[in-house]
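Coordinate analysis (summary)
Given next are the chains, with one letter for each unit.
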Amino acid sequence: MAKFFLTAAIDYANGDPHLGHAYEKLGADAIARYRRLRGDDVWFLIGMDEHGQKVAQAAAERGLEPQALTDEIATRFLAVWARLGITHDQFIRTTDPAHRAGVQELIGRIFERNPGDFYEKAYEGWYCVGCESFKAEAEIEDGRCALHPTRTLEWVEERNWFFRLSRYRDFLLDLHERRPDFLQPDSRRNEILALLRQGLEDISASRARFAWGVPFPRLTSDGEQQTTYVWFDALPNYWTAGRFPGSRAAWPAQLHVVGKDITRFHAVIWPAMLEAAGLPLPDRVWGHGFVYFRGERFSKSAGTRLDLAEAVSRFGPDAFRWFLLREIPWDADGDFSWDRFEARYTADLADGLGNLASRALAMVVKYRGGTVPDPAPSPLDQAGEETVGRYEAAMDALDLRSGAALVSDLVTAANLYVAQTAPWALAKAGDDAELDRVLGALVRALYRLALLASPFLPDRTQLLWEALGQPGRAASADWATIGAPPVAGCAIKKPDGLFPKPTPEPAG
Ligand code: MSP
C-alpha cells in the first residue's frame, strides 16, 4: 500500500469560508478519494492558519480576543467541510500547542544546522496584511497591493530576524530544473523559474511589536522577544501535523495543493526552509487557478461574494462539487456562473447520469424482475474499459476536469447504446439473448460510472451503488473490479431521484 500524504492550504481564520476555499478543498478531496479508491494509504490534512495580523485585526474589529475569533471561525469552516463531504483525516489549527512547539523546533533545527541562516537586520517596506507579506514596488499599483486593492498598505520599519533565502537560490533553481514534476502545472513552474532567475532576496522571519503568533525561539541581540512571521509559522503545519497524537501524517508529503497566489511560498520559501533544517522535500506541489465570480477575484477583501450556502443548497453538495470540478480547470482560472451551474446540472446530471441510471435500471426491473443477467461483453464494455484507462491517466496527472469529462463521455456512450439497441424493441420481439446482452452491458457501465464518478459525486454514487445491489460502500470497493464488474445475478433497486430535474426557481 503506497502512502499518500496530501495537504491543502490552511485557511486564514479571519472570515467565513468562501467559494475559493471550497474549490480548493473539493479538488484536494477528489484527489484524496481517488487515491483511496486506488488502494493508497491516504492521509489528508487541512486546517486553519490562525496567527498573524490579518486574524488579529479581524478579531479587534469584532471586539474579540483572537483565540475566540479563531475558535468560532474554525467551527464554521468545519461545518462547511462536513456539508461538502470533505474527507480530511486531520484538521490542524496553528494555535494548537503541538503546532507551536513544532514551529519552534523547526526554526531551532535551522539555527543548529545553519547558524548563519538567521540574522538580524533593520528593515523598512510596505507590508500587505492581506498577503501577510512585504511587497516589492512592482507588486504595488496606485499605492495599493495589486492582489488586495481594498486594503491599505502599512509602512513598517523594524529590526527583525531575517532568513537567508538568497543562499538557497541555486538549490531551488536546480530543484525546479531537475524535477519538473516538483511544481505543476507548467505555467506555475515557469513563473517560479523566472522568479528564481531574477535572483532572490532574504526575507523577514519575525515581527517586532506584534504578539499574536508563535514566539520566535531566540531573543534578539538586545534581548527582544519577537513573533515568528506568520508564513514561517504556517508552512511548517505540514510537518508539525505528524506530531499530533494519532496522526499518520508521515513527512514528507506526497502532494501540497495550493492556490496560485501562494505557490511562491510553497515552491520557494518552504523547500528552502526544509533544506535548511535538513528535512526531506515534499514530492509535489500543485498550484491551482482561481475561481472568479462575475469576472472578479473572489475574496473577502475584494468584496465579491457569492453565498456559499445558497450555491450548495441549489442542487445539493454533490452537484456543487461536480460543477466546480467539471467546469473550472484545475490548472487555470475559471468563472462561477449560475447559468452554467444550472446548465451543467441539467445536462450532465439530471438528463445525463441520472436519466441513464433510472432508464437502465427500470428496464432491468421490468424485463428481468430486477435480476442482472449474465451475458457476454458488448461494445459498451470496450468503451467502458477505454474510459477507465484514460480516466486513470487523467486523475494520476491531477487533471480533474478531464477525469470528470470522461465520466460524462461514458454516460453519453451508454445513452447512445440504449438508443441504438432499443431494448424495448428487443423485448417486444422476444430477442432474449440480445436483451440480456444489452441490459448486462448497461449495468456494468453504471457500475463503472459509480466508481469513476465517486470522487466527484460521493453521495449520489453511493445511492447508485446500492441501487446496483452492491454491498458496502463504493468508496471501499476493490478498484480491480472495474475491469469486469461483478454485477451478474445482483438484485437491482430503482434509485429514487438521483438528480431531480431542476425546479424553475430564479437563481439570482
Ligand atoms: N493561510 C494562507 C495559506 C497558508 S498554507 C501554509 C492562505 N489562506 S487563504 O485563506 O487566503 O487561502 C487559502 C487557500 O484558498 C489558498 O490556497 C488560496 O489560493 C485559495 N483561494 C483563495 N481564494 C481563491 C479563489 N478565488 N479561487 C481559488 N482558490 C483561492 O493563503
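Our subject is the structure that appears above.
Residues numbered from 1 in each chain as written. Predicted model: local features only at pLDDT ≥ 70, side-chain atom pairs only at ≥ 80, totals over all residues. Heavy atoms only, no water.

Glancing now at the overall build of the chain. Each helix and strand counted, the chain has 17 helices and 17 strands in total. Its C-alpha radius of gyration of 26 Å places the chain within 12% of the 23 Å reference for a compact globule of 508 residues. Oriented by its inertia axes, the alpha-carbon framework of the chain measures out at about 95 × 45 × 40 Å. Taking all 508 residues of the chain together, the buried fraction comes to 58%. Contacts spanning at least 24 positions in sequence make up 78% of the contacts within the chain whose residues lie at least 6 apart. (Helix = DSSP H or I, 4+ residues; strand = E, 2+ residues; numbered from the N terminus. Rg over C-alpha atoms; globule rule 2.2 N^0.38 Å. Buried < 20%, exposed > 50% of the residue type's maximum accessible area, 1.4 Å probe, protein only. Contact = heavy atoms within 4.5 Å.)

This structure, assessed with the given rule, holds 37 aromatic pairs. Taking the centre distance of 5.0 Å and the plane angle of 80 degrees together, the rings of tyrosine 127 and phenylalanine 134 count as edge-to-face. As far as the burial class goes, tyrosine 127 and phenylalanine 134 line up, both buried. Ring centres 6.3 Å apart and planes at 65 degrees place the aromatic pair phenylalanine 320 and phenylalanine 341 in the edge-to-face group. Of this pair, phenylalanine 320 sits in helix α11 (residues 317–327) while phenylalanine 341 sits in helix α12 (residues 338–368); the two residues are 21 residues apart in sequence, bridging distant segments of the chain. Residue phenylalanine 320 shares its accessibility class with phenylalanine 341, and that shared class is buried. Here the aromatic residues Phe293, Phe315, Phe320, Phe323, Phe336, Trp338, Phe341, Tyr345 and Phe499 are joined through ring pairs into a cluster of three or more. When the ring centre of phenylalanine 4 is taken as reference, the NZ or CZ atom of arginine 35 above it lies at 5.4 Å. (Phe/Tyr/Trp six-rings, centres within 6.5 Å; stacked < 30°, edge-to-face > 60°. Lys NZ or Arg CZ within 6 Å of the ring centre and 35° of its normal.)

The N-to-C vectors of helix α16 (residues 432–453) and helix α17 (residues 458–467) enclose an angle of 155 degrees; their axes lie 9 Å apart at closest approach. By the criterion of interaxial angle, the relationship of α16 to α17 is roughly antiparallel. Classified by chirality, the crossing of α17 by α16 is left-handed. Along the contact surface, α16 presents Leu446, Tyr447, Leu449, Ala450, Leu451 and Ala453, while α17 presents Thr461, Leu464 and Trp465. (Axes fitted to C-alpha atoms, helices over the stretch in contact; angles between N-to-C directions. Parallel < 35°, antiparallel > 145°, perpendicular 65-115°, else oblique. Left-handed = near helix turned anticlockwise from the far one by under 90°.)

With that settled, the discussion passes to the site of the ligand. Taken together, 25 residues sit near the ligand, with Ile10, Glu24, Asp49, Asp261 and Val291 positioned nearest. At 2.8 Å, a backbone N or O of isoleucine 10 approaches a nitrogen atom of the ligand. The backbone of valine 291 places a nitrogen or oxygen atom 2.9 Å from a nitrogen atom of the ligand. If the ligand stood free it would expose 660 Å²; the protein chains cover 96% of that surface. Listing elements by their share of the shell around the ligand, those giving two or more residues are β1 (3–12), α1 (19–37), α7 (230–234), α8 (237–240) and β13 (255–259). Here the shell around the ligand is composed, by residue class, of 13 nonpolar, 8 polar and 4 charged. (Near = heavy atom within 4 Å. Polar contact = N/O pair within 3.5 Å; in protein donor to acceptor, adjacent residues only side chain to side chain. Areas by Shrake-Rupley, 256 points an atom, 1.4 Å probe, with all protein chains shown as cover. Nonpolar A, V, L, I, M, F, W, Y, C, P; charged D, E, K, R; others polar.)

Moving on, we get to the nonpolar core. The biggest cluster of nonpolar side chains holds 109 residues, and the ones touching the most others in it are Phe320, Phe336, Leu442 and Leu446. When residues in this core are grouped by element, the largest group, 14 residues, is from α16. Each residue touching phenylalanine 320, except ones within four places of it in the same chain, is listed here: Leu19, Ala22, Leu26, Leu84, Leu308, Ala311, Val312, Phe336 and Phe341. (Core = buried A, V, L, I, M, F, W, Y, C linked by side-chain atoms within 4.5 Å.)

We now examine helix α3 (residues 66–83). Since there are 3.6 residues in each turn of an α-helix, residues three or four apart along the chain are aligned in direction. Across its 18 residues, α3 extends 26 Å between first and last C-alpha, which sits within 8% of the 26 Å expected from 1.5 Å per residue. Inspection of α3 places Pro66, Leu69, Thr70, Ile73, Ala74, Phe77 and Trp81 among the buried residues, and these make up the whole buried set. Around the axis of α3, the buried residues are gathered within 130 degrees of arc, so they sit on the same side. Counted as exposed and oriented over 90 degrees from the buried face of α3: Thr75 and Ala82. (Expected span 1.5 Å × (residues − 1). Arc of directions from axis to C-beta.)

Taking strand neighbours across the sheet as the criterion, the 6 strands line up as β3-β2-β1-β13-β14-β9 in an open arrangement whose pairing is parallel. Two strands close off the open sheet at either side, each with one partner strand: β3 (90–93) and β9 (183–184). Bridge count for β1 against strand β2 (residues 41–49) is 8 bridges, and the pairing is parallel. For aspartate 11, the partnering residue across the bridge sits in β2 and is methionine 48. (Pairing = 2+ DSSP bridges.)

Our focus in this paragraph is the sheet that holds strand β8 (residues 154–163). The antiparallel open sheet is built from 4 strands, whose spatial order is β5-β4-β8-β10. Both edges of this open sheet fall to β5 (133–135) and β10 (203–204), since each of them pairs with a single strand only. One ladder, built from 2 bridges, connects β8 with β10; its direction is antiparallel. For phenylalanine 162, the partnering residue across the bridge sits in β10 and is serine 204. Along the sheet, helix α9 (residues 263–277) makes contact with β5, β8 and β10, crossing β8 at roughly 35 degrees.

Taken as a whole and assessed by the stated rule, the structure comprises 0 disulfides. Left unpaired, cysteine 128 is separated from the closest cysteine sulfur, that of cysteine 145, by 3.8 Å. A relative accessible area of 1% places cysteine 128 in the buried class. (Disulfide = S-S within 2.5 Å.)

What follows covers the packing of helix α10 (residues 308–315) against α11. Interaxial distance between α10 and α11 falls to 6 Å at its minimum, and their mutual angle equals 105 degrees. Comparing the axis directions of α10 and α11 gives the class roughly perpendicular. Contacts from Leu308, Ala311, Val312 and Phe315 of α10 reach α11 at Pro317, Ala319 and Phe320. Here the contact of α10 with α11 is composed, by residue class, of 7 nonpolar, no polar and no charged.

This part covers unusual backbone geometry. The residue after glutamine 184, namely proline 185, is reached through a cis peptide bond having omega -5 degrees. The linkage connecting tryptophan 251 with the following residue, proline 252, adopts the cis geometry, with an omega of 5 degrees. Here proline 252 is to be found in the loop between α8 and β13. Of note in this structure, arginine 209 is not a glycine but carries a positive phi near 50 degrees. Here arginine 209 shows up in the loop between β11 (206–207) and β12 (227–228). A positive phi angle is found at leucine 398, which is not glycine, with a value near 65 degrees. Within the fold, leucine 398 resides in the loop between α13 (379–396) and α14 (400–421). On the accessibility criterion, leucine 398 (4% relative accessible area) is buried.

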